[in-house]
Every structure is written in structure tokens, then in C-alpha cells.
Amino acid sequence: MAGFANGVPDLGRAWLWLYFFLVTASHGFLDAMTHGGLGVAFFSPFDNTRYFLPWQPLVVSPLSLTRFFSGRGLAVLQSELLWIWIPAGVIALFALVQRRASAELRPTKGEVDG
């Protein structure tokens, strides 16, 4: 977090920690939502059992570049667009609208002092 030593304007350090924690934690859960591969070792190194979530809408990505740039890679991109990027964009847009709406309701310094 050295890059954000003073936080982000209008956003405290605690919010940044929460954001980066959620981003990191979500990676494992998104991997567990794929229908291929070996599964996710959530409790490694204490337990090497690998898990999948019961709902697996994501297509597992091929690990080679030649297979990624094929029909299978296109299926992966479509799956991630539908289940990850569009919902993330909707959430980000909602958060932006909500922040702007709350900023408009906040009194300006001149209104408070005057």
C-alpha cells in the first residue's frame, strides 16, 4: 500500500484495505466457479484439498497462448464478459452515481459558513 500512503482523495486508507482484500479474496472464489482445472486449495498449505463451488458458470481458461487465441479462448472471454466484467461494470457505475449524488447533497463550505 506504499503507493497509497495517504489514501485516495475522499477515500480513507481503511476503504483501500477493504477494497484490496476483497479483490484478492475474490480471485480464489472466481477460480472455484470454473468448470475445469484442478480446483482451488483454499486452505493451503494447511490442507491441500481442492474445491469447486457448486455453481460453475465460468469457462476455464486454457494455459497455452495458441489455445487461448482459438475458439476456446473466445468462449472464455465471452464467459468472463458475461459473468465478471459486465456485473463489475454495473457495480462500478452504481457506486459512481451514488458518490456523485451524495456529493451534490453535501453542503459546500460557503453554504455552511454563511
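Preceding block: the structure.
Residues numbered from 1 in each chain as written. Predicted model: local features only at pLDDT ≥ 70, side-chain atom pairs only at ≥ 80, totals over all residues. Heavy atoms only, no water.

K.L.:
Any chance you could explain the overall build of the chain here in plain terms?
P.N.:
Helix and strand content of the chain: 4 helices and 0 strands. Taken from the N to the C terminus, the helices and strands of the chain come in the order α-α-α-α. Relative to its 114 residues, the chain shows a buried fraction of 14%. Residue pairs in contact within the chain that sit at least 24 positions apart in sequence constitute 21% of those at least 6 positions apart. Counting only carbon and sulfur atoms, one obtains 69% of the accessible surface of the chain, whose full area is about 9,300 Å². (Helix = DSSP H or I, 4+ residues; strand = E, 2+ residues; numbered from the N terminus. Buried < 20%, exposed > 50% of the residue type's maximum accessible area, 1.4 Å probe, protein only. Contact = heavy atoms within 4.5 Å. Areas by Shrake-Rupley, 256 points an atom, 1.4 Å probe, with all protein chains shown as cover.)

K.L.:
Looking at this structure, how should I read the side chain of Thr34?
P.N.:
Here Thr34 is to be found in the loop between helix H1 (13-32) and helix H2 (65-68). Side-chain polar atoms of Thr34 contact the backbone oxygen of Asp31, separated by 2.8 Å. Of note is the side chain of Thr34, whose polar atom sits 3.5 Å from the backbone oxygen of Gly36. Those residues in contact with Thr34 that lie beyond four places of it in its chain are Phe52, Gln56, Leu58 and Val60. (Polar contact = N/O pair within 3.5 Å; in protein donor to acceptor, adjacent residues only side chain to side chain.)

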